[in-house]
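Listed below, chain by chain, are the residues.
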Amino acid sequence: MARRDNPLTHFDAQGQAHMVDVGAKEETHRVARARGSIRMQAATLKLIASGQASKGDVIGIARIAAIQAAKRTAELIPLCHPLPLTRVAVEFEIDAAANAVHCTAQAETFGRTGVEMEALTAATAGLLTIYDMCKAVDRGMRIEGVRLLEKSGGRSGHYVASMA
């Protein structure tokens, strides 16, 4: 059992890390969306947008990496439950005004625990893949603003991030 006076559910009554018991929770449709950005030099963004990067289709490969990362989240984040994902969708937006690529990932399941970590992991892995594929021309790229935008399903209800 988690400590009642501690809102951090991944610790037991003795303060030891544990995987949360979700066995008694109801199975519901759960959806989470996360977003992050990678900022770069204008020339780097132009390479990505034109498909002329020396390593190939940066956005296409980043999309596959994001989906794969969502599916393997429990292997990367120690206390996450392995989930049978029913859907992972990843979108990239080229933002010339900000010299950035924005990544939005959505993960879905029908289960007893949420998919926030899968959506966050997908968005992050997609951005890291862009960095990896373009680092030869721009080592100063910055990944920033990775956050949960929305989640639904489960006891805690619907969450929508404030835009602040």
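In what follows, the accompanying structure is described.

Cut-off values and rules
Residues numbered from 1 in each chain as written. Predicted model: local features only at pLDDT ≥ 70, side-chain atom pairs only at ≥ 80, totals over all residues. Heavy atoms only, no water. Helix = DSSP H or I, 4+ residues; strand = E, 2+ residues; numbered from the N terminus. Expected span 1.5 Å × (residues − 1). Buried < 20%, exposed > 50% of the residue type's maximum accessible area, 1.4 Å probe, protein only. Pairing = 2+ DSSP bridges. Contact = heavy atoms within 4.5 Å. Axes fitted to C-alpha atoms, helices over the stretch in contact; angles between N-to-C directions.

### Let's talk about helix H2 (residues 58-71)
- When the terminal C-alpha atoms of H2 are compared, their 20 Å separation across 14 residues agrees well with the 20 Å that a helix rising 1.5 Å per residue should span.
- Along H2, the residues that are buried comprise Val 58, Ile 59, Gly 60, Ala 62, Ala 66, Ala 69 and Ala 70.

### Quick word on the sheet that holds strand E5 (residues 159-160)
- The five strands lie next to each other as E2-E3-E1-E4-E5, forming an open sheet whose pairing is antiparallel. Edge positions in the sheet fall to strand E2 (85-95) and E5, since each has one partner strand and no second.
- In this sheet, strand E3 (residues 100-111) lies alongside strand E1 (residues 28-39) in antiparallel orientation, the contact comprising 12 bridges. Across the sheet, the residue bridging to Val 31 is Glu 108, located in E3.
- Against the sheet, helix H1 (residues 42-50) contacts E2 and E3, and its axis sits at roughly 125 degrees relative to E2.
- Where H2 meets the sheet, its contacts fall on E2 and E3, and the angle it forms with E2 comes to roughly 145 degrees.

### What about the pairing of E3?
- Of all 12 residues in E3, 11 are buried, a share of seventy percent or more.
- Sheet topology places E2 next to E3; 10 bridges connect them, and they run antiparallel. Among the inter-strand pairings, Asp 95 is bridged to a residue of E3, identified as Ala 100.
- Between E2 and E3, which pair antiparallel in sequence order, lie four residues; one of them, Asn 99, sits at a positive phi of approximately 50 degrees.

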